[in-house]
Amino acid sequence: MKRYEQHCPVARAAEVVTQPWTLLIVRELLHGPADVDTVARGLPGLTVSTLISRLRSLRSAGLVAREAGRFRLTEAGRDLRAVVDLLGAWSGRWLPAPGPKDLDPGLLMYDIARNVDPGTLPPRPVALLVEFTDGPPPRRWWLTLNGTGASAGDRDPGLPIAVTIRCSLATLAAIWLGHRKWLDALADESLQLIGDRSAVRSAVSWIGVSRYSANA
């Protein structure tokens, strides 16, 4: 039986991808090739030593390759997108919203920015100002948007502010993760969108919800 388990495709795959953090590293690399620091930015609870160890394991399994100091998924690694998406959708549907102590404004804004669909964005750069009413500092963040993508930062980019979003950190996290809806948060005034009507509609469309949200 032990010999069979060693050669069973499911068992072999499980041995590779079920180590702690492995699928989360794959999730980060699904955004594109990245160096160690960039991967670590999306996984703040992961130590660098564990990250490097898991990357070695992924390379040995043929799921990740390294080129010019950056790691990228191989074709086999990219095929894990379906697994990552399935687990993400499951967690968005069944796991409770994170508690206040689990929230990080920088990580939330970073996740929102890198998941914005560039095809929905305006050709000329604009900014959305996010003002959190609670949580750790900094509480003011800017989303810079243009036709090629989005970025998040806690310094004013000097661009016109299309819309100001004012809410608690938990409210925006709940909307992003699908535990609340934009309209419900507006209705009970836990969320304010300040700007003209057209810009507000665009801002909601630009941000949307996480691809792993139950409301996606």
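Above this text is the structure in question.
Residues numbered from 1 in each chain as written. Predicted model: local features only at pLDDT ≥ 70, side-chain atom pairs only at ≥ 80, totals over all residues. Heavy atoms only, no water.

(A) Representation of the pattern of salt bridges within the structure. Under the counting rule described, the total for this entry stands at 8 salt bridges. A salt bridge links E67 to R72, with the nearest nitrogen and oxygen atoms 3.0 Å apart. For E67, a relative accessible area of 46% translates into the label partly exposed. Here R72 falls in the partly exposed class, since its relative accessible area comes to 28%. Ionic contacts of the salt-bridge type, sharing partners, join the residues R27, E28, D111 and R114 into one network. (Salt bridge = Lys/Arg side-chain N within 4 Å of Asp/Glu carboxyl O. Buried < 20%, exposed > 50% of the residue type's maximum accessible area, 1.4 Å probe, protein only.)

(B) Inspection of the pairing of strand β4 (residues 140–146) at higher detail. For β4, the buried fraction is high: 5 of the 7 residues fall into the buried class. In terms of strand pairing, strand β3 (residues 126–132) meets β4 through 6 bridges, oriented antiparallel. Across the sheet, A127 pairs through a bridge with T144, a residue of β4. Following β4, the chain reverses through 2 residues before pairing antiparallel with strand β5 (residues 149–153). (Helix = DSSP H or I, 4+ residues; strand = E, 2+ residues; numbered from the N terminus. Pairing = 2+ DSSP bridges.)

(C) Main features of the environment of A199. Mapped onto the elements, A199 comes out in helix α11 (residues 197–207). For the pair A199 and S151, spaced 48 residues apart in the sequence, the C-alpha separation amounts to 18 Å. Those residues in contact with A199, other than ones at most four positions away along the chain, are A162 and V163. (Contact = heavy atoms within 4.5 Å.)

(D) View of the pairing of strand β7 (residues 191–194). Burial of β7 is one-sided: the residues L191 and L193 facing one way are buried, the residues Q192 and I194 facing the other way are not. Bridging between strand β6 (residues 161–167) and β7 involves 4 bridges; their strand directions are antiparallel. From the neighbouring strand, R166 faces β7, where its bridge partner is Q192.

(E) Examining the packing of helix α3 (residues 22–29) against helix α5 (residues 48–60) more closely. Running from N to C, α3 and α5 point in directions that differ by 80 degrees, and their axes come no closer than 10 Å. Classified by the angle their axes make, α3 and α5 are roughly perpendicular. Residue-level contacts link T22, I25, V26 and L29 of α3 to L51, R54, L55 and L58 of α5. Residue composition of the contact of α3 with α5, by class: 6 nonpolar, 1 polar and 1 charged. (Axes fitted to C-alpha atoms, helices over the stretch in contact; angles between N-to-C directions. Parallel < 35°, antiparallel > 145°, perpendicular 65-115°, else oblique. Nonpolar A, V, L, I, M, F, W, Y, C, P; charged D, E, K, R; others polar.)

(F) Structural view of the sheet that holds β5. Strand order in the open sheet formed by 5 strands is β5-β4-β3-β6-β7, and the pairing between neighbours is mixed. The open sheet has two edge strands with one neighbour each: β5 and β7. Ignoring strand direction, the axes of neighbouring strands in this sheet form an average angle of 15 degrees. Here helix α8 (residues 105–115) sits on the sheet and contacts β3, β4 and β5; the angle it forms with β4, its principal contact strand, is near 10 degrees.

(G) Up close: unusual backbone geometry. Cis geometry is adopted by the peptide bond preceding P138, which originates at P137 and carries an omega value of -5 degrees. With respect to the element layout, P138 can be found in the loop between β3 and β4. The backbone phi angle of W21 is positive, close to 80 degrees, even though this residue is not glycine. Locating W21 in the fold gives a position in the loop between α2 (9–17) and α3. Under the relative-accessibility criterion, W21 is labelled partly exposed at 30%.

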